[in-house]
Amino acid sequence: MLTFIGLGLWDERSVTVEGREALRSADRVFAEFYTSRLAGTTVEELETHHGIDIEVRDRAGVERDPEPILDAAADGEVAFCTAGDTMISTTHVDLRVRAAERGIDTRVIHGITAQSAASSLTGLQNYRFGKAVTLPFEYAHGAEGTPQSVIDGIEANRERGLHTLVYLDIKVAGSSPAGPAEGEADEFMTADHAAAALARDWDEDAVGVAVARAGSPEPVVAADTLAALAERDFGDPLHMLVVPGELHHLEVEALAALAGCPRDALPAVE
């Protein structure tokens, strides 16, 4: 059996009770933290809290060389863990398909997702979100400025009146084939960095909503124009940015009351 477990959004306690029980009963536990991270804990704290040993796999160890995971699952009970919900990334779907093709039983134990947290924390209605986009670091996509695909995605959603969740880039140290360079550290794009990029390359007067440390005891949610958000500091990772589309009157009230959005930045809604 290969059990995919979403660990939730913040720390070692964010996993569901069902997920915790599956972790503790597994013969081996694998995890990857290149698609997302639990910013409120470490691998060592996860191991201590749940009384387990975790074998962390890098991107190549999941996508190019999944055989150690699959071989272990063919002979025993194996857990594969990720931050958030475990089936958000296509690489995890691919691993599950590979297991099925080998006749290995699989199951999924869901965790809280960044997308559901973005809706819950901002007060923006979840069914009014369109396709999400990912904003990469400028150096990572080989061109200057914001990728046109990101802008096109936001505009396509707004044409339909829909909100856009902008996932912000994570660069894990040692993720290149050559391994980590000397002094290399993980990089996490911040909401102010993302707001500055969109203000510069798209629309500085559009409203954005920064969400920092979703799932933590004290998340930060702040709404304002993109130009204004670009001047703020939202603290430690992880961050997200939401670009609202057409707003329902209750969403307008939520952004003002829950995210501190200035009234003059919000559209008038009858």
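Residues numbered from 1 in each chain as written. Predicted model: local features only at pLDDT ≥ 70, side-chain atom pairs only at ≥ 80, totals over all residues. Heavy atoms only, no water.

(A) Broad picture of the sheet that holds strand E3 (residues 54–56). Overall, parallel pairing links the five strands, which are arranged E3-E2-E4-E1-E5 in an open sheet. Looking at which strands have only one partner, the edges of the open sheet turn out to be E3 and strand E5 (106–109). Mean inter-strand twist for the sheet, computed between neighbouring axes without regard to direction, equals 25°. Where helix H5 (residues 90–101) meets the sheet, its contacts fall on strand E1 (2–6), strand E4 (78–82) and E5, and the angle it forms with E1 comes to roughly 165°. (Pairing = 2+ DSSP bridges. Helix = DSSP H or I, 4+ residues; strand = E, 2+ residues; numbered from the N terminus. Axes fitted to C-alpha atoms, helices over the stretch in contact; angles between N-to-C directions. Contact = heavy atoms within 4.5 Å.)

(B) Looking closely at the nonpolar core. Ranked by size, the top nonpolar core spans 25 residues in total, and within it Leu135, Ile154, Val166, Leu168, Leu226 and Leu241 carry the most contacts. Every element with two or more residues in this core is listed here: strand E6 (133–135), helix H7 (148–159), strand E7 (164–168), helix H8 (191–203), strand E10 (207–212), helix H9 (226–229) and strand E12 (239–243). Membership of the second largest hydrophobic core comes to 22 residues, among which are Val211, Ala214, Val242 and Val252. (Core = buried A, V, L, I, M, F, W, Y, C linked by side-chain atoms within 4.5 Å. Buried < 20%, exposed > 50% of the residue type's maximum accessible area, 1.4 Å probe, protein only.)

(C) Molecular detail of the domain arrangement of the chain. Segmentation of the chain into domains returns domain 1 (2–109) and domain 2 (114–265). The straight-line distance from the C-alpha centre of domain 1 to that of domain 2 is 27 Å. With eight residues of domain 1 in contact, the opposing surface of domain 2 contributes 13 residues. Buried surface at the junction of domain 1 and domain 2, both sides included, amounts to about 910 Å², of which 67% is carbon and sulfur. The largest contributions to the domain 1 side of the interface with domain 2 come from Leu9, Trp10 and Arg37, which together make up 63% of the buried area. Counting every contact that joins domain 1 to domain 2 gives one salt bridge. Of the charged contacts, one joins Arg37 and Asp186 as a salt bridge, the two residues approaching to 2.9 Å between their closest N and O atoms. Counting across the domain 1 and domain 2 interface gives one residue pair in polar contact (both at pLDDT 80 or more). In the side of domain 1 that touches domain 2, the residues fall into five nonpolar, two polar and one charged. (Domains from an automatic or database assignment. Buried area = accessible area lost by both parts, 1.4 Å probe. Salt bridge = Lys/Arg side-chain N within 4 Å of Asp/Glu carboxyl O. Polar contact = N/O pair within 3.5 Å; in protein donor to acceptor, adjacent residues only side chain to side chain. Nonpolar A, V, L, I, M, F, W, Y, C, P; charged D, E, K, R; others polar.)

(D) Summary view of the sheet that holds E7. If you trace the five strands from one edge of the open sheet to the other, you get E6-E7-E12-E10-E11, paired in mixed fashion. Looking at the sheet topology across the chains shown, the edges are occupied by E6 and strand E11 (220–225). Across the sheet, the mean angle from the axis of one strand to that of its neighbour is 25°, orientation sign disregarded. Sheet topology places E7 next to E12; four bridges connect them, and they run antiparallel.

(E) Quick peek at the pairing of strand E2 (residues 28–31). Strand direction decides the pairing type here: E2 and E4, joined by four bridges, are parallel. Counted as the bridge partner of Arg28 is Val78 from E4. A crossover links E2 with its parallel partner E3, the connecting element being helix H2 (residues 43–50), and its sense is right-handed. (Right-handed = clockwise from strand over helix to strand, strands pointing away.)

(F) Expanded view of the UniProt feature "binding site: S-adenosyl-L-methionine" (unreviewed entry) in the chain. Using the residue numbers shown here, the UniProt feature "binding site: S-adenosyl-L-methionine" (unreviewed entry) corresponds to Leu9, Asp85, Ile88, Thr113, Ala114, Leu168, Ala214 and His239. With sequence-adjacent residues up to four places away left out, Asp85 is seen in contact with Gly6, His110, Gly111, Ile112 and Thr113. A polar contact is formed between the side chain of Asp85 and the side chain of His110, at a distance of 3.0 Å. Examined against the element boundaries, Thr113 turns out to sit in the loop between E5 and helix H6 (114–122). (UniProt positions renumbered as here; feature names shortened; annotations may be inferred.)

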